[in-house]
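Listed below are the residues making up each chain.
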Amino acid sequence: MVKHIYTRKELYDEIDKYITSPSAIEIINKAYDYAYDKHKDQKRSSGEPYFVHVLNVAYELAKLHTDPNTIAAGLLHDVIEDCDVSREDFIKEFGEEIYEIVEAVTKISNLKFTDEKEYQAENHRKILIAMAKDVRVILVKLVDRLHNMRTLEYLPEQKQKRIARETLEVYAPIAHRLGIAEIKNELEDLSFYYLDNEKYHEIAKLVESKKSERDKQIDIMMEDISIVLKMHNIPFRIFGRSKHLYSINKKMVTKNKRFDEILDLLAIRIVTETETNCYEILGYIHAVYRPIPGRLKDYIAMPKMNMYQSLHTTIVGPDGRIYEVQIRTEEMDEIAERGIAAHWSYKEGGKAHSQKKLVEELNWLKAFEESSNTDAKEFMNDITHDIFNANIYCMTPRGRIIDLAAGATPIDFAYRIHTEVGNQTVGALVNGVLVPLNTPLKTGDVVELRTNKNSTPSEDWLKIVKTNHARNKIKAYFQKKEMEDKEESIKLGEQILKDELKKHDLDVDELFDMKKLDKVASAFQLPNATELLFSIGCKSMTAMAVIEKLTKLGKKEVDLSYIEKITKKNAEKNHIISKTGIVVKGISSMKIALSPCCSPVYGDQIVGYVSKGQGIKVHRKDCPNIANEKRLIDVEWDPKKPDIRYEASIKIFSKDRSYLLTDLVTVVAQYKANLTAVNSVANNEDLSANTSMSFMVDDLEHLENIMANLRKVDSVISVERAIK
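The structure presented is a predicted model; accordingly, all values stated were derived computationally and were not measured.

### Let's talk about the overall build of the protein
For step 1, the next point in the chain: What the protein contains, in helices and strands, is 29 helices and 24 strands.
For step 2, the next point in the chain: Buried positions account for 50% of the 724 residues belonging to the protein.
For step 3, the next point in the chain: Counting contacts in the protein only where the partners sit at least 6 residues apart, residues at least 24 apart contribute 64% of the total.
For step 4, the next point in the chain: Split by element, the accessible area of the protein, about 36000 Å² in all, is 49% carbon and sulfur.

Structure, rendered in structure tokens:
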């Protein structure tokens with residue numbers, strides 16, 4: 001087990017290695033004494049004084065070479081929660097900066113939650129969002145969890161498993177994404193120990209049984225490599241490394257391999273001075289030892305998202321055994337072990353790395369803040385799926401690396417760049433080739449996005465995207481648009497109603513009263529006046545129907561005499577069905593026709609427009625050609641659909657290519673829709689094509705299936721209903 005009791009002397013010995021400023025030491029001294037006094041009467045489950053815990057946290061932070069304020073925050077991270085220290089008192093003693101770190105780390109204890117999962121999700125969200133604002137927060141939280149895991153033996157088994165599972169699912173992945181391998185490996189092994197103790201000991205025995213043999217093989221191989229490198233006068237240090245137990249078990253499970261099949265159990269690390277030295281060493285090793293194809297990975301040219309850099313190669317030794325070799329510089333080695341902490345290391349006279357620069361390099365941190373307004377459980381699901389499980393790495397044309405979940409598409413890529421980029425995306429080039437937006441991306445793909453500031457997301461994208469981040473952004477766009485559209489419809493409904501009242505010489509001030517409109521809304525089974533105005537604005541209800549209720553006027557006093565003459569002989573108001581499958585209540589002799597401008601098909605949302613001398617023209621409700629609101633009349637599709645087909649018109653925007661029109665027509669034919677018209681125009685300037693098609697369909701579902709499959713055709717960017 002790792003030692004977990006440190007003394008004050010050991011803490012200050014570690015601090016003295018890199019902090020000499022008297023003022024910096026003074027703030028640590030003050031925090032030490034304050035924390036010791038506040039925790040002096042408290043005990044841990046182990047029986048140890050509680051102060052032992054915060055001392056260990058401070059020691060681990062000093063090992064990471066964090067700044068004095070972070071070490072002070074480590075000593076003080078539990079005083080707000082456990083010692084009833086007020087915000088004002090704390091800031092008076094230690095200032096705003098240290099308080100903000102401590103407050104972010106402090107557990108949520110005063111909020112009420114419906115279940116344990118909600119508690120954990122909300123707690124983690126607070127930490128992760130704070131982490132995006134100040135990386136030091138997560139450094140404190142990680143070492144706090146590390147020491148808690150080291151002393152987990154004193155808790156009941158059920159609590160041990162809960163904490164271990166949470167550590168494995170949340171904290172170890174965070175340490176991994178921050179590149180802090182030392183902490184990540186220990187957290188995983190400790191979690192493994194408590195979650196599957198039997199398997200842990202089984203792997204440990206296998207490792208121990210092979211240790212002497214493995215060490216001997218590695219020593220011989222290192223000596224051989226050293227001879228090769230010394231011949232070329234390259235500075236280096238070389239050593240063997242062992243894989244931690246959890247990663248061995250994980251590889252055995254996920255890759256279904258036996259213990260003796262795991263290649264990097266025999267692993268060697270070579271550390272040198274410069275990047276050039278790294279590539280030289282790789283060349284000399286490959287010149288002497290046969291590399292295994294497909295196992296060379298260049299993380300120097302293309303660093304991982306946690307800033308990890310190294311060359312990895314797998315070679316066959318003289319003894320026929322497989323060895324994994326890692327080659328890196330001293331700086332890369334420090335980052336590989338301490339990750340973001342290596343960049344955040346305190347240097348007297350200034351920080352080694354600014355918080356802004358770190359967030360720019362670790363661009364995935366932005367996802368924490370961008371998702372901060374979502375539900376806590378949804379937030380953790382997004383982060384776990386999109387961030388912790390990201391395993392493909394694509395690039396922008398300028399070389400910026402974007403990490404994504406497996407199966408992610410150019411749309412997911414676009415939304416990781418920026419929300420507006422995602423919203424305006426119309427196409428994508430992957431490795432210089434135009435591809436459909438639902439194309440799965442692979443590691444190494446260079447993605448160039450095509451955008452149009454006038455374009456907007458399609459709801460079909462929700463079926464395409466693989467990341468929760470993109471899905472939530474698309475949903476947010478349509479929710480916002482729906483709200484904006486509703487507000488516009490309410491304003492339009494208000495104006496329509498007022499205009500209609502004026503037209504009939506009615507008192508607008510008297511009748512346009514929200515209380516009166518609330519009563520009218522209730523009569524129409526609507527919740528309030530706002531929803532009533534919305535119904536008028538989106539034309540699902542006529543203003544005259546509302547006026548009738550407001551004034552209690554009969555139809556004879558309403559200026560719709562041209563309809564009244566037609567309906568007078570049909571007092572029974574029977575449903576008359578036209579050949580188009582349209583039902584119009586109260587009308588038997590009037591001609592009914594589908595309007596060619598919007599070509600409604602069975603299943604569309606529709607409205608009737610009374611035209612003098614031409615009967616009733618049926619339009620889609622979203623048709624912009626409906627002008628005179630007072631001529632609108634309710635119509636509906638007959639539940640018993642007639643055995644007829646409807647002509648639908650669509651427009652297709654795509655990149656031009658050979659056989660494009662053939663592919664489009666083939667899709668229409670496959671769905672047994674009779675083509676009635678087609679026209680395609682290519683634009684040589686941007687190599688795009690605009691295609692118009694008309695064909696006969698059974699109903700709306702038939703049409704939507706055809707449109708969905710047309711969108712899947714190579715080079716197609718968008719497919720929409722046409723309005724003439």
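### Considering the environment of Val435
For step 1, the next point in the chain: Within the secondary structure layout, Val435 lies in strand 12 (residues 433-435).
For step 2, the next point in the chain: Residue classification places Val435 among the buried residues on the basis of a relative accessible area of 16%.
For step 3, the next point in the chain: Once the C-alpha coordinates of Val435 and Ser715 are considered, the two residues, 280 residues apart in sequence, prove to be 6.2 Å apart.
For step 4, the next point in the chain: Beyond its immediate chain neighbours, meaning those up to four positions away, Val435 contacts Pro410, Ala428 and Val430.

### Here's the deal with the sheet that holds strand 24 (residues 716-721)
For step 1, the next point in the chain: Pairing within the open sheet is antiparallel, and its four strands lie in the order 22-23-21-24. The open sheet is flanked by strand 22 (674-683) and strand 24, the only strands paired with a single partner. Each neighbouring strand pair of the sheet contributes to a mean axis angle of 15°, computed without reference to strand direction.
For step 2, the next point in the chain: The sheet contact formed by strand 21 (residues 646-655) and strand 23 (residues 688-697) spans ten bridges and is antiparallel. Among the inter-strand pairings, Lys655 is bridged to a residue of strand 23, identified as Ser688.
For step 3, the next point in the chain: Along the sheet face, helix 28 (residues 660-670) touches strand 21, strand 22, strand 23 and strand 24 and points at about 20° away from the line of strand 23.
For step 4, the next point in the chain: Helix 29 (residues 700-711) contacts strand 21, strand 23 and strand 24 of the sheet and is inclined by roughly 165° relative to strand 24.

### Things to note about the packing of helix 9 (residues 157-177) against helix 10 (residues 181-195)
Packed helices, taken two at a time, are described by the angle their axes make and the gap between the axes.
For step 1, the next point in the chain: It is the contact of helix 9 with helix 10, at a shortest axis distance of 9 Å, that shows an interaxial angle of 160°. Taken as axis vectors, helix 9 and helix 10 run roughly antiparallel relative to one another. You can see that helix 9 and helix 10 cross each other, and the crossing is left-handed. Contacts between helix 9 and helix 10 involve Gln160, Lys161, Ala164, Arg165, Thr167, Leu168, Tyr171, Ala172, Ala175 and His176 from the former and Ile183, Lys184, Leu187, Glu188, Ser191, Tyr194 and Leu195 from the latter.

### Considering the packing of aromatic side chains
For step 1, the next point in the chain: For the structure shown, the criterion picks out 14 aromatic pairs.
For step 2, the next point in the chain: Ring centres of Tyr193 and Tyr200 lie 5.1 Å apart, and the angle between their planes is 90°; on these two criteria the pair is classed as edge-to-face.
For step 3, the next point in the chain: Note on Trp637 and Tyr646: the rings are 5.6 Å apart at their centroids and 85° apart in plane angle, and the pair reads as edge-to-face.
For step 4, the next point in the chain: The exposure class of Trp637 is buried, given its relative accessible area of 13%.
For step 5, the next point in the chain: In textbook terms, an aromatic cluster arises when at least three aromatic residues are bridged by ring pairs, as seen for Phe192, Tyr193, Tyr194, Tyr200 and Tyr246.
For step 6, the next point in the chain: Across from the ring centre of Tyr32, 3.9 Å away, lies the NZ or CZ of Arg8, which sits over that ring.
For step 7, the next point in the chain: The lysine or arginine in question, Lys30, covers the ring of Phe94, its NZ or CZ lying 5.3 Å from the ring centre.

### Concerning the side chain of Ser191
For step 1, the next point in the chain: Mapped onto the fold, Ser191 is located in helix 10.
For step 2, the next point in the chain: Since its relative accessible area comes to 0%, Ser191 is described here as buried.
For step 3, the next point in the chain: A polar side-chain atom of Ser191 sits 3.3 Å from the main-chain carbonyl oxygen of Ala164.
For step 4, the next point in the chain: Here Ser191 is in contact with Met149, Ala164, Thr167 and Leu168, once residues within four sequence places are set aside.

### Details of the sheet that holds strand 13 (residues 447-451)
Backbone hydrogen bonds hold the strands of a sheet together, and the pairing may be parallel or antiparallel.
For step 1, the next point in the chain: Strand order in the open sheet formed by three strands is 12-11-13, with antiparallel pairing between adjacent strands. Edge positions in the sheet fall to strand 12 and strand 13, since each has one partner strand and no second. Averaged over all neighbouring strand pairs, the angle between strand axes comes to 35°, with direction disregarded.
For step 2, the next point in the chain: Note: strand 11 (residues 425-430) against strand 13, five bridges, orientation antiparallel. When the bridges of strand 13 are listed, Thr425 appears paired with Thr451.

### Some words on the pairing of strand 6 (residues 322-329)
For step 1, the next point in the chain: In terms of burial, strand 6 is largely enclosed, as seven of its eight residues are buried.
For step 2, the next point in the chain: Where strand 2 (residues 267-272) lies against strand 6, six bridges are found, and the strand directions are parallel. Looking at strand 6, one finds that Ile270 is bridged to Ile327.
For step 3, the next point in the chain: In terms of strand pairing, strand 5 (residues 311-316) meets strand 6 through six bridges, oriented antiparallel.

### Re the packing of helix 24 (residues 514-523) against helix 25 (residues 529-537)
For step 1, the next point in the chain: Where helix 24 contacts helix 25, the axes come no closer than 8 Å and their chain directions differ by 70°. Comparing the axis directions of helix 24 and helix 25 gives the class roughly perpendicular. Note on element contacts: helix 25 touches helix 24 through Ala529, Leu532 and Leu533, opposite Met514, Leu517, Asp518, Val520 and Ala521.
For step 2, the next point in the chain: Classifying every residue of the contact of helix 24 with helix 25 gives seven nonpolar, no polar and one charged.

### Description of the confidence of the model for the protein
For step 1, the next point in the chain: When pLDDT is averaged across the protein, the result is 81; 82% of the residues are at 70 or more.
For step 2, the next point in the chain: Element-level mean pLDDT values for the protein span from 42 in helix 27 (residues 561-567) up to 95 in helix 13 (residues 275-288).
For step 3, the next point in the chain: Segment residues 357-361: pLDDT under 50, and twelve contacts once partners within four positions in sequence are set aside and those in other chains are kept.
For step 4, the next point in the chain: Residue range residues 553-576 is modelled with pLDDT below 50. Its contacts to residues more than four positions away, or to other chains, number 36 contacts.

### What to know about helix 12 (residues 245-254)
An α-helical turn contains 3.6 residues, so any two residues separated by three or four positions project in the same direction.
For step 1, the next point in the chain: Within helix 12, seven of the ten residues are buried, leaving the element largely enclosed by the surrounding structure.
For step 2, the next point in the chain: Every buried residue of helix 12 is listed here: Leu245, Tyr246, Ser247, Ile248, Asn249, Lys251 and Met252.
For step 3, the next point in the chain: Tucked into the core, helix 12 has its buried residues touching helix 9, helix 10 and helix 11 (197-231).
For step 4, the next point in the chain: With its phi angle positive at about 50°, Asn256 sits one or two positions after the end of helix 12.

### Section: unusual backbone geometry
A negative phi angle characterises most non-glycine residues, just as the trans form characterises most peptide bonds.
For step 1, the next point in the chain: The backbone of His65 shows a phi angle near 60°, a positive value even though the residue is not glycine.
For step 2, the next point in the chain: Of note, His65 is situated in the loop between helix 3 (51-63) and helix 4 (68-76).
For step 3, the next point in the chain: You can call His65 partly exposed: its relative accessible area is 23%.
For step 4, the next point in the chain: Phi is positive for Tyr659, which is not a glycine, with a value near 65°.

### A few points about empty space enclosed by the protein
For step 1, the next point in the chain: Tallied over the full model, the rule gives four cavities of 30 Å³ or more.
For step 2, the next point in the chain: A volume near 50 Å³ is recorded for the largest cavity.
For step 3, the next point in the chain: Val426, Gly427, Leu434, Val435, Pro436, Leu437, Ser715, Val716 and Ile717 together form the lining of the largest cavity.
For step 4, the next point in the chain: In terms of residue class, the lining of the largest cavity is made up of seven nonpolar, two polar and no charged.

### Some details on a nonpolar patch on the surface
For step 1, the next point in the chain: Together, Leu661, Val665, Leu675 and Val678 make up an exposed nonpolar region whose accessible area comes to about 260 Å².
For step 2, the next point in the chain: Secondary structure elements with two or more residues in the nonpolar patch: helix 28 and strand 22.
For step 3, the next point in the chain: Position of Leu675 among the secondary structure elements: in strand 22.

### Focus: the environment of Pro440
For step 1, the next point in the chain: With respect to the secondary-structure elements, Pro440 resides in the loop between strand 12 and strand 13.
For step 2, the next point in the chain: Using a relative accessible area of 52% as the deciding quantity, one classes Pro440 as exposed.
For step 3, the next point in the chain: Put simply, Pro440 and Ile411 are 29 residues apart on the chain and 10.0 Å apart in space, counted from C-alpha to C-alpha.
For step 4, the next point in the chain: Excluding residues within four positions of it along the chain, Pro440 makes contact with Gly407 and Ala408.

Reading the values: rules and limits
- Residues numbered from 1 in each chain as written.
- Predicted model: local features only at pLDDT ≥ 70, side-chain atom pairs only at ≥ 80, totals over all residues.
- Heavy atoms only, no water.
- Helix = DSSP H or I, 4+ residues; strand = E, 2+ residues; numbered from the N terminus.
- Buried < 20%, exposed > 50% of the residue type's maximum accessible area, 1.4 Å probe, protein only.
- Contact = heavy atoms within 4.5 Å.
- Areas by Shrake-Rupley, 256 points an atom, 1.4 Å probe, with all protein chains shown as cover.
- Pairing = 2+ DSSP bridges.
- Axes fitted to C-alpha atoms, helices over the stretch in contact; angles between N-to-C directions.
- Parallel < 35°, antiparallel > 145°, perpendicular 65-115°, else oblique.
- Left-handed = near helix turned anticlockwise from the far one by under 90°.
- Phe/Tyr/Trp six-rings, centres within 6.5 Å; stacked < 30°, edge-to-face > 60°.
- Lys NZ or Arg CZ within 6 Å of the ring centre and 35° of its normal.
- Polar contact = N/O pair within 3.5 Å; in protein donor to acceptor, adjacent residues only side chain to side chain.
- Nonpolar A, V, L, I, M, F, W, Y, C, P; charged D, E, K, R; others polar.
- pLDDT = per-residue confidence, 0-100.
- 1 Å grid on protein atoms, 1.4 Å probe; cavity = no way out; pocket = protein on both sides within 12 Å on 5 of 7 lines; lining within 4 Å.
- Points joined across faces, edges and corners; volume = space filled by probe spheres on them.
- Patch = residues over 30% accessible without salt bridge, like charges linked within 9 Å, V, L, I, M, F, W, Y side chains within 5 Å.
- Salt bridge = Lys/Arg side-chain N within 4 Å of Asp/Glu carboxyl O.

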